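Here are the chains, one letter per residue:
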Amino acid sequence: MGLIAAAARSWHGSNERSVMRKTVALGLVFLLLPAVGNAQTISNVSGTVANGDTVSLSGAGFGAKAVAAPWAWDDFESSTTLLSLTSSPGDVPPSLSREHVYQGLQALKTQLGYADGSSETLGRNGYAVYNFPRALLNGEKGYIRFWERWSWGVNFCYPDNDGAISDYQIKNWRISSGGQALDPPNIGQNVQSDCNYCCGDEFEPRQWTYRKDGGGTYEAMDYFGPEFLPQRFALPNDTWMLWEIQFQQSTTTAGSYDVWLSRDGKSARVAAYRGLTHLAADPGFTRILLGNWIDSIGGSATLYFDDFYADGSWARVVLGDAATFSACSVREIQIPRSWTDSAITLTINQGRFRAGQTAYLYVQNENGQHPETGFPVVIGGGAPTEAPGQPGQPVRQ
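The model shown is predicted, which means the values in this text are computed figures rather than measured ones.

Looking now at the packing of aromatic side chains. To describe a pair of aromatic rings, you give the distance between the ring centres and the angle between the ring planes. Under the counting rule described, the total for this entry stands at eleven aromatic pairs. With 5.9 Å between their ring centres and 65° between their planes, Trp173 and Trp243 make a pair best called edge-to-face. Highlighted residues: Trp173 in strand β9 (residues 169-176) and Trp243 in strand β13 (residues 240-248), separated in sequence by 70 residues. Residue Trp243 is classed as buried on the basis of its relative accessible area of 0%. An aromatic cluster of three or more residues is present, and its members are Trp71, Tyr130, Phe132 and Phe308. In this arrangement the basic side chain of Arg316 is found over the ring face of Tyr143, its NZ or CZ atom lying 3.5 Å from the centre. Over the aromatic face of Phe325 sits the side chain of Arg331, whose NZ or CZ is 4.2 Å from the ring centroid.

Shown next as structure tokens:
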């Protein structure tokens with residue numbers, strides 16, 4: 001369950017080299033996508049809203065979606081995965097694991113560095129790769145989301161780690177136009193250790209890379225928002241977090257990307273960029289790396305990923321935990337099978353919603369617009385009888 005056919009090609013990247021960057025403050029950017037009233041109106045839902053079941057939505061204003069199914073949906077419950085587990089140049093290959101899961105029985109596990117603190121340079125790499133069906137062209141869009149959980153290894157900022165290394169990076173995912181390095185273009189999510197603050201077990205997020213003024217060099221944005229302050233506790237240890245990345249490739253100012261982070265009942269847009277993503281001669285976006293690289297010989301971390309979804313469209317359906325879109329702390333992605341302006345057929349992804357709970361369906365169109373008011377459903381079927389809780393809230397395990 002959970003696999004949709006997609007292209008998968010192995011590739012080999014090189015170790016990332018440091019690049020001069022200028023840090024640009026993003027500031028308090030935490031807006032959601034624009035609501036459009038009831039432009040996408042669901043009038044009826046038929047079928048049982050339970051994991052793996054088929055449900056039909058009828059209504060108006062859903063818009064067009066040229067290919068209904070996403071590029072990929074993988075909950076990692078099968079013995080195989082759509083992601084390449086053999087592409088990592090590191091000595092610790094990614095694998096399917098039952099150690100920590102967001103839902104179900106399995107998740108994807110990647111290892112950065114060695115658990116015993118070994119200093120081999122090669123072991124600093126560790127990632128699985130999802131290859132897009134093809135390289136994106138100018139003006140084309142993408143949307144990728146997944147749950148992630150961090151588990152620190154050795155030589156981090158614990159009080160009893162006398163050998164902790166200050167100010168180094170973990171690169172935990174990257175949308176790339178080629179290799180894992182910054183050139184050619186990429187959208188990279190990096191984090192920086194906060195050992196200087198002493199003595200927490202978290203990292204502070206930073207460095208969303210982008211093209212500088214249409215030129216060939218890169219700059220970086222730090223990000224923060226009131227939902228996740230203080231900044232150094234934005235990405236806590238042993239907590240499931242939802243990443244959403246929505247982007248449009250462009251050789252003009254029409255390019256964009258937005259990144260959302262959800263955890264512990266909070267949800268916010270933590271990065272937003274408008275402008276050039278590529279030069280005319282650049283290759284298009286071709287892949288995403290889950291896990292990437294650790295900038296510390298002797299340090300280590302284990303990253304777990306679950307419920308991976310990738311698509312070449314911004315149109316999607318989500319199941320939220322609140323009656324209004326802006327109040328939702330988690331929006332579980334649903335898997336479309338057919339799509340017209342007045343009807344959508346889905347395979348239900350229940351996520352962490354429990355049978356009997358009330359949830360709300362939202363349809364987002366290709367332009368990134370969604371209604372503010374959701375359509376209520378009960379997990380398992382029937383009429384709504386209770387207010388929703390926080391079923392998708394990441395929990396510490």
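Right, let's get into the environment of Tyr102. Looking at the element boundaries, Tyr102 is found in the loop between β5 (95-97) and β6 (107-112). With a relative accessible area of 2%, Tyr102 lands in the buried category. A distance of 2.4 Å separates a polar atom in the side chain of Tyr102 from a polar atom in the side chain of Glu332.

For the rest of this paragraph, the subject is the environment of Arg287. Note on placement: Arg287 falls in strand β16 (residues 287-294). Separated by 156 residues in the primary sequence, Arg287 and Asn131 place their C-alpha atoms 4.4 Å from one another. A polar side-chain atom of Arg287 sits 3.0 Å from a polar atom in the side chain of Thr286.

Let us now look at the pairing of strand β18 (residues 316-320). Counting buried residues along β18, five of its five residues qualify, which places the element largely inside the surrounding structure. Of the two faces of β18, the one carrying Arg316, Val318 and Gly320 and the one carrying Val317 and Leu319 are both buried. The sheet contact formed by β18 and strand β22 (residues 358-364) spans five bridges and is antiparallel. Across the sheet, residue Leu319 finds its bridge partner in β22, namely Leu361. The pairing of β18 with strand β19 (residues 331-333) spans three bridges and is antiparallel. Residue pairing across strands places Val318 opposite Ile333, the latter belonging to β19.

This part covers the sheet that holds strand β23 (residues 375-378). Think of a sheet as strands paired side by side through backbone hydrogen bonds, with each pair either parallel or antiparallel. Across the sheet, four strands lie side by side as β19-β18-β22-β23; this open sheet has antiparallel pairing. Bordering the open sheet on either side are β19 and β23, each of which pairs with just one other strand. Going across the sheet, the axis of each strand differs from the next one's by a mean of 35°, ignoring polarity.

Attention now goes to the nonpolar core. Counting 38 residues, the largest nonpolar core has Phe146 and Phe308 as its most contacted members. Of all the elements, strand β17 (residues 301-311) adds the most residues to this core, at five residues. Sequence-distant contacts of Phe146, defined by excluding residues within four places in its chain, comprise Trp173, Met241, Leu242, Trp243, Ile245, Ile288, Leu290, Phe305, Asp306, Asp307 and Phe308. Counting residues in each nonpolar core, the second largest holds 20 residues, with Val45, Ala68, Trp339 and Phe353 among its members.

Looking now at the environment of Glu244. Tracing the chain through its elements places Glu244 in strand β13. Residue class for Glu244 comes out buried when judged on its relative accessible area of 7%. It is 6.9 Å that separates the C-alpha atoms of Glu244 and Phe146, two residues lying 98 residues apart in sequence. With residues near it in sequence (within four places) discarded, Glu244 still touches Tyr143, Ile144, Arg145, Asp258, Val259, Trp260, Arg316 and Arg331. Within the structure, Glu244 has its side chain in polar contact with the side chain of Tyr143 (distance 2.5 Å).

So, about unusual backbone geometry. A positive phi angle, near 60°, is found at Phe76, a position not held by glycine. With respect to the element layout, Phe76 can be found in the loop between β4 (72-74) and β5. Phi is positive for Asp307, close to 50°, though the residue is something other than glycine.

Summary statistics for the chain give a mean pLDDT of 74 and a share of 62% for residues scoring 70 or more. Ranking the helices and strands of the chain by mean pLDDT puts strand β20 (residues 335-339) first, with 98, and strand β1 (residues 23-28) last, with 27. Across residues 1-33, where pLDDT falls below 50, the model places 113 contacts with residues more than four positions away in sequence or in other chains.

The subject of this paragraph is the layout of surface pockets. Quantified by volume, the largest pocket comes out at close to 300 Å³. Around the largest pocket sit 16 residues that line it, and Val67, Trp71, Asp311, Gly312 and Ser313 are the ones nearest its centre. Across the lining of the largest pocket, the residue classes tally to seven nonpolar, three polar and six charged.

Now for the sheet that holds strand β21 (residues 343-347). Strand order across the open sheet formed by four strands is β2-β3-β21-β20, with antiparallel pairing between neighbours. With partners counted over all chains shown, the strands left at the sheet margins are β2 (41-46) and β20, one partner each. Taken over all neighbouring pairs, the strand axes of this sheet differ in orientation by 30° on average, direction set aside. Relative to β21, β20 runs antiparallel, the two sharing four bridges. Following the sheet pairing, Pro336 is matched in β21 by Leu346.

Attention shifts here to the pairing of β13. With respect to burial, β13 is a largely interior element, nine of its nine residues being buried. Along β13, one buried face is formed by Trp240, Leu242, Glu244, Gln246 and Gln248 and the opposite face, lined by Met241, Trp243, Ile245 and Phe247, is buried too. Across nine bridges, strand β8 (residues 141-152) lies against β13 in antiparallel orientation. Counterpart to Phe146 in the pairing with β13 is Trp243. Bridge analysis of β13 against strand β14 (residues 256-263) gives seven bridges, and the strand direction is antiparallel. Across the sheet, Trp243 pairs through a bridge with Leu261, a residue of β14.

About the cut-offs
Here, residues in each chain are numbered from 1, in the same order as that chain's written sequence. The predicted origin of the model limits local features to residues at a pLDDT of at least 70 and limits the giving and counting of side-chain atom pairs to 80 or more, whereas totals for whole chains, interfaces and linings rest on all residues. Here the side-chain values reflect all heavy atoms present in the structure, with hydrogen atoms and water set aside. A pair of Phe, Tyr and Trp rings is counted when the ring centres sit within 6.5 Å of each other, with Trp represented by its six-membered ring. The angle between the planes then sorts it: under 30 degrees is stacked, over 60 is edge-to-face, the rest tilted. Strands here mean DSSP runs of E at least two residues long; helices mean DSSP runs of H or I at least four residues long; both are numbered from the N terminus. Categorising residues by exposure relies on relative accessible area from a 1.4 Å probe, with only protein chains included: less than 20% of the type maximum marks a residue as buried, more than 50% marks it as exposed, and the intermediate range marks it as partly exposed. Should the NZ of a Lys or the CZ of an Arg lie within 6 Å of a ring centre and within 35 degrees of the ring normal, that charge is described as sitting over the ring. Within 3.5 Å is the distance limit for a polar contact, defined as a pair of N or O atoms, with the added protein rule that one can donate a hydrogen and the other accept it, and that residues adjacent in sequence qualify only through two side-chain atoms. Criterion used throughout: strands pair if DSSP finds at least two bridges between them. For helices, the fitted axis covers only the stretch in contact; all axes are lines through C-alpha atoms, and the angles between them, taken along N-to-C directions, range from 0 to 180 degrees. Throughout this description, the term nonpolar core refers to a set of buried Ala, Val, Leu, Ile, Met, Phe, Trp, Tyr and Cys residues connected via side-chain atoms within 4.5 Å. Residue contacts follow a heavy-atom distance rule, with two residues in contact if any of their heavy atoms lie within 4.5 Å. In predicted models, pLDDT denotes the confidence assigned by the predictor to each residue on a 0 to 100 scale. A pocket here means an open set of points on a 1 Å grid, computed over the protein atoms alone, that has protein on both sides within 12 Å along at least five of seven lines. A cavity is instead a set of points where a 1.4 Å probe fits but cannot get out; residues with an atom within 4 Å of a point line either one. Grid points are joined across faces, edges and corners, and a volume is the space filled by probe spheres set on the points. Side-chain classes are defined by residue name, with Ala, Val, Leu, Ile, Met, Phe, Trp, Tyr, Cys and Pro counting as nonpolar, Asp, Glu, Lys and Arg as charged, and the others, Gly among them, as polar.

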